[in-house]
2 protein chains.
Amino acid sequence: MLQSPPARAGQREDEVDTPALLIDLDAFEYNLATMAKYLAGTGAKLRAHAKTHKSSVVAHRQIASGAVGQCVQKVAEAEVLAWGGVQNILISNEVVGADKLARVAALARICTIALCADCAEHVKAIEAAARDAGVILTVLVEIDVGMNRAGVAAGSDAVAVAQLIAASPHLRFGGLQSYQGRAQHLRTPAERQEAIGAAIDATRRTVDMLRQQGLACAIVGGAGTGTFELESASGVYNEIQAGSYCFMDVDYAKNLGADGKPVAMFKHALFVLSTILSQPRTGIAVVDAGHKAVAIDSGMPGVWQRPELTYAGASDEHGRIVIADGAKPPVIGEKVRLVPGHCDPTVDRFDWYVGVRNGRVECLWPIGARGGFS
Amino acid sequence: MLQSPPARAGQREDEVDTPALLIDLDAFEYNLATMAKYLAGTGAKLRAHAKTHKSSVVAHRQIASGAVGQCVQKVAEAEVLAWGGVQNILISNEVVGADKLARVAALARICTIALCADCAEHVKAIEAAARDAGVILTVLVEIDVGMNRAGVAAGSDAVAVAQLIAASPHLRFGGLQSYQGRAQHLRTPAERQEAIGAAIDATRRTVDMLRQQGLACAIVGGAGTGTFELESASGVYNEIQAGSYCFMDVDYAKNLGADGKPVAMFKHALFVLSTILSQPRTGIAVVDAGHKAVAIDSGMPGVWQRPELTYAGASDEHGRIVIADGAKPPVIGEKVRLVPGHCDPTVDRFDWYVGVRNGRVECLWPIGARGGFS
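To start, this report covers the structure provided alongside it. (Residues numbered from 1 in each chain as written. Chains lettered and ligands numbered in written order. Predicted model: local features only at pLDDT ≥ 70, side-chain atom pairs only at ≥ 80, totals over all residues. Heavy atoms only, no water.)

### Concerning the interface of chain B and chain A
The criterion, for reference: Throughout, a residue-residue contact means that at least one pair of heavy atoms, one from each residue, lies within 4.5 Å. Buried area adds together the accessible area that both of two parts lose upon being put together, with accessible area traced by a 1.4 Å probe. The salt bridge criterion pairs a side-chain nitrogen of Lys or Arg with a carboxyl oxygen of Asp or Glu, the two atoms within 4 Å. Polar contacts, as used here, are pairs of N or O atoms within 3.5 Å; protein pairs need one atom able to donate a hydrogen and one able to accept it. Residues neighboring in sequence count only if both atoms are side-chain atoms. By the criteria applied, helices consist of DSSP H or I runs no shorter than four residues and strands consist of E runs no shorter than two, each listed in order from the N terminus.
On the chain A side, the residues contacting the 65 residues of chain B number 65 residues. Taken together, the two surfaces of chain B and chain A that pack against each other cover about 5,500 Å², and 50% of this comes from carbon and sulfur. Counting the surface chain B buries against chain A, the share from its top three residues, Q3, R149 and F373 of chain B, is 13%. Remark: the boundary between chain B and chain A carries 14 salt bridges. Between D351 of chain B and R370 of chain A there is a salt bridge, with its nearest N and O atoms 2.7 Å apart. Linking chain B to chain A there are 39 residue pairs in polar contact (both at pLDDT 80 or more). Counting only elements with at least two residues in the side of chain B that touches chain A, the list comes to α4 (75–83), β4 (88–94), α5 (98–107), α6 (120–133), β11 (270–281), β12 (284–287) and α10 (343–347) of chain B. Here the side of chain B that touches chain A gets six residues from one element, more than from any other, and that element is β11 of chain B.

### Examining the packing of aromatic side chains
All names here are of chain A. Applied cut-off: A pair of Phe, Tyr and Trp rings is counted when the ring centres sit within 6.5 Å of each other, with Trp represented by its six-membered ring. The angle between the planes then sorts it: under 30 degrees is stacked, over 60 is edge-to-face, the rest tilted. Only protein chains enter the accessibility calculation, which uses a 1.4 Å probe. A residue is then buried if its area is under 20% of the maximum for its type, exposed if over 50%, and partly exposed in between.
Tallied over the full model, the rule gives 14 aromatic pairs over all chains. Both rings, one in F228 and one in F266, keep their centres 6.0 Å apart while their planes meet at 45°; by these two values the pair is tilted. Here F228, found in helix α8 (residues 228–232), pairs with F266, found in the loop between β10 (239–240) and β11 (270–281); they are 38 residues apart in sequence, far enough to count as distant. Judged by centre distance (5.6 Å) and plane angle (55°), the ring pair of F247 and Y353 falls under tilted. Highlighted residues: F247 in the loop between β10 and β11 and Y353 in strand β17 (residues 352–357), separated in sequence by 106 residues. The class of F247 is buried, set by a relative accessible area of 0%.

### Topic: the relation of the copies chain B and chain A
Between the two copies of the chain lies a relationship made up of a rotation around an axis and a movement along it. For clarity, the cut-off: In superposing the copies, a least-squares fit is computed on C-alpha atoms, taking residues whose pLDDT is at least 70 in both.
Between chain B and chain A, the superposition needs a rotation of 180° and an axial shift of 0.0 Å, giving an RMSD of 0.0 Å. Both chain copies can therefore be described as sitting about a two-fold axis. The share of interface residues of chain B whose copies in chain A are also at the interface is 100%, consistent with both copies meeting through the same surface.

If you want it as C-alpha cells, here you go:
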C-alpha cells in the first residue's frame, strides 16, 4: 500500500480528502444493535457476512453485539479475519485447489473454521488436505435452494454428500449452507415470502432426512439482509448470514414492507465522500467518484440529503451529477456524500474506512481483506 | 497489503492461484509495437493513459516503445508514477482542494507535471498552490468537445481561461485537453467519424483563436483506443491519450471497421484467470471471479477460447457460467481465462499483474496506483 489514508482522527468531515469511504458510526452502531435486538427474539443467531465489510475491526464489533462469528466467501478473507483475532469463521463457499485447502487446514490450528462442499470431489480434496495437515476439518453441505449457483440438490443428494463427510476420519459434518440469494432483492414481502418459503421447506426436509440418518446439523445457515426475518422465524435456520445490514445501500433500501413502504429497519451508514470537481454548464456538475470509487452493478449511487442532485452516470474516475431545474448548483470544492448502489463491491475498492461521528473523523479502520486475492 | 501475490515466476499458468490478473506478455508487447508503428506515420505522439494500467512498470514499457509520457486522472496516480521514475506526467483532469494541489506542486520538483482547469476558480487555486510551493505549474485548459462531462466551451470561453493562466507569474499555459470520451465506443466508423470530426473542428477553432492571442498550445491532447486514428490524422491533436490499447477488452473489441468487421488492430492481452468451483447441474458451472474480480459496467466478461462457455452473471465472488447444450462441461478445479468487459476498473481490483508467456509465469508487476485513493 503505497498511498496515505485520506483522513486523520480529529479532522472535520469536510476536511477529509476524496474519494473516501465513510462509516457514519452512529448509524452503524444503530444497525448492529437493531439486528441484535431483533434476533434475540428468535431461534437464530447472527453469523455476519464479512464479504460486505472485509475488516476484522467490523467483525469484532459485530461479535461484541452478539454475532457468533463471521462468514466469508474466500480463503483470503478468512485469513485476514483470523490474523485479526476472529475465532469462529465459516467459509460459506466451496474452496478448490490444494494450495487453498492447505491454507484452510492451517487456519484450523488458530481458529474454529468450517467450509462447504457440494459434491464428492470437494469432499475428497478437503479430506486430503485435512489428513496431510493432521487436522479435523468441519464441512457443511451447500444445497441449492433456488439461487441456481453452486449447491447440490436438497434431499437425498445432499444426504449422500453429508454421509461422505461423516464417514471420513479427517472430517466433521457441520450442517447445511442454504442461501437463497435471489430472494434478497425481491421487492415485495409476498415475493420474498414465496421464494424463502420454498427454501425453508427444502432445508427442513433435508435436515429431517439427515437426522433420520443420524446426522445432526450443528449449523443451518443462510439468509441475508433482505429476508432474514423469514429464515430466523423458520425454526430450521439457526444462523443468519446477513452482511449488508450493517451499512445498507440504495438497492436494499428499495425493498418494500407489508405497508408498501420501503423497509426502514436499518440506516444508511456507508458513504463515498466525493468532491465537486467542475460545474461546467447549467444543470451539470462532476464529482471525483466514478467506477473506481463506487459500484454501479446494482444501480447508480444516491446523493445523500441532496434531492436536487442526481448521480446520472459514471466513468472511470468521474461521476456526472444532474442538477434539478432551478436548483442552486453545487460549487467547486464542495463535498457530497454518495450512498452506494451496492455496498459490498464498493467497500472492496478502498483500503480504509473513515469513521465519522458528529461531523468529525473518529477513527480509521483498515479494510484488510479487500482486493482480488484468493 | 496483507496478502500474498497469486503466483511466482517460473510457475506454469495452471498453477497460478485464482482469481489472478494475467498479462499475456507477447500480446501486450505486440500492442505496444503496433501503436508505436501506427503513430510513427502521423503528427501525433502517444501519451498513454495510466488510468488503465495504474503501474509504473507498464508506463516505462510504453515509454520505451515511444510514448512521450503518461496521462493520469488523479494525483495519487501521478505520485505512484513519479515515485517509480516516470518523468513526464499530465493529469488530464481538474484537481480540486488545497491539499491535493500542494501534492501536485511537490511533484513539480521531481518530474515534469501538468494539470487541467476549466474555469477561473481552478486557475486561482492552482496559482495559489504554485506560489506557496515556489514552483511554476503547467496548466492545460480542458474543453468540452461533446462528452458533456467537465470542460469549458470551446472557443472564446476557453481562450478566456487560457489568458488567466498565461497572465499568472506562477503558471505556464500548456495547451488544450480535448477528449471526446463518448465517441470511443460508437460501433461504426461513420458514427465515430461524425463525433470526432466535430471534436476536431472545435479543437482546431480554439487552437487558432489562442494563436491569434499569442498563446501557443504545446500540447493538444485527447483521443482514446476507439478513435485515435482520427485525432492522429487531424493535424491538430499532437498527443494521443489511448489507454486500453495495451490490454484491450470485450467492449473495445466490438468496435467495427470500414469492412463491417471488428477492428482487430490490438490483441487481448489482459485476462482474469479463474477456477471452476462447482459444476452443480447440467448446463451450469460456477467460477471464483465475480464483481470483486472483474468489472461488468461495460458488459459481462468473455470466456477465452471456450466458445461453449458463456459468463452469464456475476455475484460478489462468483461468476455463473452457462454451458452450451451438448458441450462437454468443464471440471472442478479447471482454470479458465476471462476477458474483462472493461479493462480499467478490472485492473483497479488487483494488486499484482501476473505476466505470462508460453504458458509460464515470467514476472509479477505491482499495480501501485490501484484503489480508491485521491
